[in-house]
Structures are given as structure tokens and as C-alpha cells.
Amino acid sequence: MGMSPPGPSSVPVDSALLREVMRRFVTGVAIVATVDQDRPYAASVNSLTSVSLEPPLILVCLKIGSNTCAAIERSGRFSVCVLAEQHEEHSRRFAGSQPAVDDPAFELVDGLPVIRGALAGMICEVESTQRKGDHVIVIGQVVRTHHEHDTPLLFFNSGYHRLASGEPA
């Protein structure tokens, strides 16, 4: 693999190098959204992980200082929408973590914004948060789900991609 084992005097990994390495990991794309003080907020994420099936817990990471992160911490609830290949525009629009005010991409479900036609979605209650580095790790307890049969939007090497076919290899 070309890596030497770290020694006791190893130098910390440069953030630009780590970013270059992580670009090689293929992920899906999701929109995390909430409502705080009657104002909707949304952010694109590719850090979405299932933590536990019993109880049903998921993890998302949001940048410290983002409007959406602060709104989720205040509101205690959020939605997660896994994007289908036709949702690239939505991912780009919410990459800056700006409020999603009166955006026609959303409809309200249980009082939270969800992307219309999302591949999958979850409504979550914040179970815990933890600050690590420049992000907040949010653990959410899933209280409602839905899913569709469609093709996912993928993110790789800092760009959007689509599956060559919807069939498993």
C-alpha cells in the first residue's frame, strides 16, 4: 500500500493531504434539515452512518458554525433525505448550509422539511451531540422512515457521479 508505519516522532497529517485521501472514498449524498423558530435550514452532507438498529440511531456530521448545525442543536429534531441521481441541484444548493426559506424542493413531514422524491428519508430526534475538530457529530434517534426505488446520487473525487446501472454487481 506504500505506507510506512508511524513512528514515535511522526508528523501530523496535513489537512490538504487528508482531504485528497478522503476524495477517494465514494459516498452517497444527503440533505439534513430542520426548522428553528419557524425558519427552515438545510445542509448537504456525505457523512451519514447507521449507528445502531436497536435502538435505531444514525450519525451525521455538520460543520461547527453552520446555520443548520446551530438550528439542529437548538431545535432537537432533524430530517435526513438520501438524494437520488436527479437531486444534484439540491445538493449543490445546500452545500453552503444556508437557510432553505420557501424552497419548492421541500415539503413538510411531521413539521420538518424533506426533499420531494428523495431516495430515502428519516425523521430524527437528537439523542446526543459531540464536538470533534471542526465538526459536530449528531446522533439521531430515528422515529420515522420512508424509501423509494431509484438510483442514488454519488459523490467521488469532489464531483457528482451516477451508477452505470441500477443493478448490483
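Residues numbered from 1 in each chain as written. Predicted model: local features only at pLDDT ≥ 70, side-chain atom pairs only at ≥ 80, totals over all residues. Heavy atoms only, no water.

To continue, consider the packing of aromatic side chains. Using the criterion set out here, one finds two aromatic pairs in the structure. Taking the centre distance of 5.3 Å and the plane angle of 55° together, the rings of F94 and F106 count as tilted. Of this pair, F94 sits in the loop between α3 (88–93) and β7 (106–109) while F106 sits in strand β7; the two residues are 12 residues apart in sequence, bridging distant segments of the chain. Overall, F94 belongs to the buried group, its relative accessible area being 2%. (Phe/Tyr/Trp six-rings, centres within 6.5 Å; stacked < 30°, edge-to-face > 60°. Helix = DSSP H or I, 4+ residues; strand = E, 2+ residues; numbered from the N terminus. Buried < 20%, exposed > 50% of the residue type's maximum accessible area, 1.4 Å probe, protein only.)

Spatially, β1-β11-β12 is the arrangement adopted by the three strands of the open sheet, whose pairing is antiparallel. The sheet is open, and its two edges are formed by β1 (27–28) and β12 (159–162), each paired on a single side. Pairing analysis gives four bridges linking strand β11 (residues 153–156) to β12, with the strands arranged antiparallel. Residue pairing across strands places F156 opposite G159, the latter belonging to β12. (Pairing = 2+ DSSP bridges.)

In this structure the tally under the stated criterion is nine salt bridges. Where R23 meets E20, a salt bridge forms, and the shortest distance between an N and an O atom there is 3.4 Å. Judged by its relative accessible area of 26%, R23 falls in the partly exposed class. Taking the relative accessible area as the measure of exposure, E20 reaches 32% and is therefore partly exposed. When the shortest N-O distance is used, the salt bridge between E107 and R116 registers 3.7 Å. What makes E107 partly exposed here is its relative accessible area of 35%. For R116, a relative accessible area of 44% puts it in the partly exposed group. The network of salt bridges with shared partners includes E20, R23 and R24. (Salt bridge = Lys/Arg side-chain N within 4 Å of Asp/Glu carboxyl O.)

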